[in-house]
Amino acid sequence: MTHSGAAPDAGCPWTCVIISVLDAERSCRSHGLAQRYDVAARPRRGVRRAGRAAGWQRAPSSPGHGRRDSQGLPCLRGVRHPGEGLRPRDLPYGEGGLEFRWHKRRWWCREAGCPRRSFTEQIPQIPAGARLTARLRGAAGRRIRDAGPTVIQAARDLHLSWPTVMEAFRTQARDVAEAPLSQVTVLGIDETRRGRPRWERDADTGKWRLTRDRWHTGFVDAAGHGGLLGQVEGRTVADVLAWLATTDLDWRKGIGHVAIDMSATYRAAIRIGLPHATVVVDHFHVVQLANKMLSMVRRRTTAETRGRRGRASDPEWKARRRLLRNRKDLTDDQFATMSNTLLSEGKIGQTLLTAWIAKENLRTLLALARTGADRHQVDHARWKFLTWCADSDIPEARQLATTVDRWWPEVAAFIDTGHSNAKSEGINRVIKLIARNAFGFRNPANQRLRTRCVTTRRACGHLRTAQL
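All values derive from a computational prediction rather than experimental measurement.

A. Structural detail: the packing of aromatic side chains. Under the definition given, this model contains three aromatic pairs. When the centroid spacing of 4.0 Å and the interplanar angle of 5° are considered together, the rings of Phe219 and Trp243 count as stacked. Pair noted here: Phe219 is in strand E11 (residues 215–221) and Trp243 is in helix H5 (residues 237–245), with a separation of 24 residues, a long-range link. Since its relative accessible area comes to 10%, Trp243 is described here as buried. Taking the centre distance of 5.6 Å and the plane angle of 35° together, the rings of Phe335 and Trp356 count as tilted. One end of the pair, Phe335, is in helix H11 (residues 332–343); the other, Trp356, is in helix H12 (residues 347–366), with 21 residues separating them in the sequence. By relative accessible area, Phe335 is classed as partly exposed at 25%. The class of Trp356 is buried, set by a relative accessible area of 5%. One aromatic cluster in this structure is built from Phe219, Trp243 and Trp251.

Here it is in structure tokens:
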């Protein structure tokens, strides 16, 4: 094994190599040189240390080149470093610290043609010039990758600097970032906001261009435990297609359904990149659209009737929370109180109750998912919802019916399959939590790497959630 710092020279009959201390000791004993080369016990640690034979390996040589002793070994000269020797940092032992000392020797080659001339002892755990042991670097990187703390917190726990721990994390995170994607049948696509956008001015044209988008698009295993499969900066059609282009064709062919929110951009990207997949709209966003419609009706009717914004003394303001709840979550007394109070207010209350019934009809339609309902039941619930919105004479309710009818193929796919984008929403919560704990990220690449490792801990076996 040739020394990593220098290439062997044709004029030097000996090749400098670095071997472990124990291997060097065994090599000395095999040649009967334990006493001659001073194999001594390491002070305070009981680790054996080899002498001058450590780090050298016999190579073909020309006769008479260099001086050798009676046993055919080169005449080397080695001295110990002055002082207490090397003290690299190592993992702590329990709650207390551990002081690691290594009294190294420096060796010189007497051959004039040797390109290295001088070297010190080293082992794989402590290479030449290292101030940290390899297991300390690996533990620092794995702590962030597997446990999910912030970089500064891991640096404080191990008494290291932020750049050192971050570099160790990047090294350990390659196992996650470069791992092949597991096959998924239901792909979830959703966006999350990462921070402020950044613009830079082009020196040649003078135009401003976007260098850092405030949105990230995430791709999630919506039906399995794969977690976050990848992220891409931006939320345009080109951004989604760019990430899909990085995956294998066979992997894309295995995707049967894609769950998204009511985003026309993502739907257009799926039709181009995954033409064989069925688009499924998440029912949570459909109900959210209905609740927004109800709030808009309440604000508009209050402004038209009272000529001002809603106040805490207004009956419709007091009932604003109950209007957003579904009928099953309301007791009979709560429902009677809400309906009687609104009916006593005249036109405002009647309009709000009409919009609330439209919202409940939509929820009844979506509730047919995962129930095995036939096509006749689904068509009847759809007709009931659309008819009620058309006859309500409420612009917001009619707009809701138009939107649902425009997205009906995707809504019908949800009713048939029951697939949702719930895991994407859950992963977005974890992404925001990681960004909040880190007080934001300046580097989007570091943010994507951190969130990828945190959201795939279950898939990597670092979370014991098999019983869930």
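That shown, we press on.
B. Just a nonpolar patch on the surface, in detail. Judged by side-chain polarity, Trp199, Trp208 and Leu210 come together as a nonpolar surface patch covering roughly 370 Å² of accessible area. With respect to the helices and strands, the residue Trp208 is situated in strand E10 (residues 208–212). With a relative accessible area of 54%, Trp208 lands in the exposed category.

C. Fine view of the environment of Ile434. As for its position among the elements, Ile434 is in helix H16 (residues 422–437). The spatial distance from the C-alpha of Ile434 to the C-alpha of Arg450 is 8.1 Å, given a sequence separation of 16 residues.

D. The arrangement of the side chain of Asp190 in detail. Along the chain, Asp190 turns up in strand E8 (residues 186–193). At 3.1 Å, the side chain of Asp190 forms a polar contact with the side chain of Asn428. Every residue in contact with Asp190, bar those within four places of it in the chain, is listed here: His216, Thr217, Gly218, Asp261, Tyr266, Asn421, Ser424, Glu425 and Asn428.

E. Spatial organisation of the nonpolar core. With 59 residues, the main nonpolar core has Leu187, Ile189, Val258, Ile260, Leu274, Leu362 and Ile415 as its most contacted residues. Among the elements that make up this core, the one with the highest residue count is H12 (nine residues). Those residues in contact with Leu274, other than ones at most four positions away along the chain, are Leu187, Leu244, Arg252, Ile255, Val258 and Ala269. Membership of the second largest hydrophobic core comes to 17 residues, among which are Val151, Ala155, Ala168 and Ala173.

F. Main features of the sheet that holds strand E13 (residues 257–260). A sheet is described by the order of its strands in space; here five strands give the open sequence E12-E11-E8-E13-E14, paired in mixed fashion. Only two strands of the sheet have a single neighbouring strand rather than two, namely strand E12 (228–233) and strand E14 (278–281). Each adjacent strand pair in this sheet contributes to an overall mean axis angle of 25°, direction not counted. Here E8 pairs with E13 via three bridges, running parallel. Bridged to Gly188 within E13 is Ala259.

G. Inspection of unusual backbone geometry at higher detail. Phi is positive for Arg370, close to 65°, though the residue is something other than glycine. Despite not being glycine, Asp393 shows a phi value in the positive range, around 60°. Structurally, the position occupied by Asp393 is in the loop between helix H13 (375–391) and helix H14 (395–406). When its relative accessible area of 59% is taken as the criterion, Asp393 is described as exposed.

H. Highlighting the packing of H11 against H12. Direction vectors running N to C along H11 and H12 enclose 135°, while the axes themselves pass 7 Å from each other. Relative to H12, the element H11 is oriented oblique. Two secondary-structure elements touch here, H11 through Phe335, Met338, Ser339, Leu342 and Leu343 and H12 through Gly349, Gln350, Leu352, Leu353 and Trp356. Class assignment of the residues belonging to the contact of H11 with H12 gives a composition of seven nonpolar, three polar and no charged.

I. Here's a closer look at the environment of Arg174. Structurally, Arg174 is set in helix H4 (residues 162–177). Of the residues examined, Arg174 reaches a relative accessible area of 40% and is grouped as partly exposed. Taking the C-alpha atoms as reference, Arg174 lies 9.8 Å from Cys453; in sequence the two are 279 residues apart.

J. A look at the environment of Arg235. Here Arg235 lies in the loop between E12 and H5. Using a relative accessible area of 34% as the deciding quantity, one classes Arg235 as partly exposed. For the pair formed by Arg235 and His216, sequence separation is 19 residues and the distance between their alpha carbons is 6.5 Å. Dropping the residues within four chain positions of it, Arg235 is found in contact with Glu191, Trp215, Thr217, Thr265 and Tyr266.

K. Layout of the pairing of E11. With seven of seven residues buried, E11 lies mostly within the body of the structure. Across the two faces of E11 the burial is the same, with Trp215, Thr217, Phe219 and Asp221 and His216, Gly218 and Val220 all buried. Sheet topology note: the E8/E11 ladder contains seven bridges and is antiparallel. Across the sheet, Glu191 pairs through a bridge with Thr217, a residue of E11. Linking E11 back to E12 in an antiparallel pair, the connection comprises six residues, with Gly227 at a positive phi of about 70°.

L. Region of the structure containing the packing of helix H3 (residues 151–158) against H4. Contact pair H3 / H4: the axes reach a minimum separation of 9 Å and the direction vectors enclose 110°. Relative to H4, H3 is oriented roughly perpendicular. Of the two possible hands of crossing, H3 and H4 adopt the one that is right-handed. Each of Val151, Ile152, Ala154 and Ala155 in H3 lies in contact with H4, whose residues at this interface are Trp162, Val165 and Met166. Its residues assigned to classes, the contact of H3 with H4 comprises seven nonpolar, no polar and no charged.

Conventions adopted
Residues numbered from 1 in each chain as written. Predicted model: local features only at pLDDT ≥ 70, side-chain atom pairs only at ≥ 80, totals over all residues. Heavy atoms only, no water. Phe/Tyr/Trp six-rings, centres within 6.5 Å; stacked < 30°, edge-to-face > 60°. Helix = DSSP H or I, 4+ residues; strand = E, 2+ residues; numbered from the N terminus. Buried < 20%, exposed > 50% of the residue type's maximum accessible area, 1.4 Å probe, protein only. Patch = residues over 30% accessible without salt bridge, like charges linked within 9 Å, V, L, I, M, F, W, Y side chains within 5 Å. Areas by Shrake-Rupley, 256 points an atom, 1.4 Å probe, with all protein chains shown as cover. Salt bridge = Lys/Arg side-chain N within 4 Å of Asp/Glu carboxyl O. Polar contact = N/O pair within 3.5 Å; in protein donor to acceptor, adjacent residues only side chain to side chain. Contact = heavy atoms within 4.5 Å. Core = buried A, V, L, I, M, F, W, Y, C linked by side-chain atoms within 4.5 Å. Pairing = 2+ DSSP bridges. Axes fitted to C-alpha atoms, helices over the stretch in contact; angles between N-to-C directions. Parallel < 35°, antiparallel > 145°, perpendicular 65-115°, else oblique. Nonpolar A, V, L, I, M, F, W, Y, C, P; charged D, E, K, R; others polar. Left-handed = near helix turned anticlockwise from the far one by under 90°.

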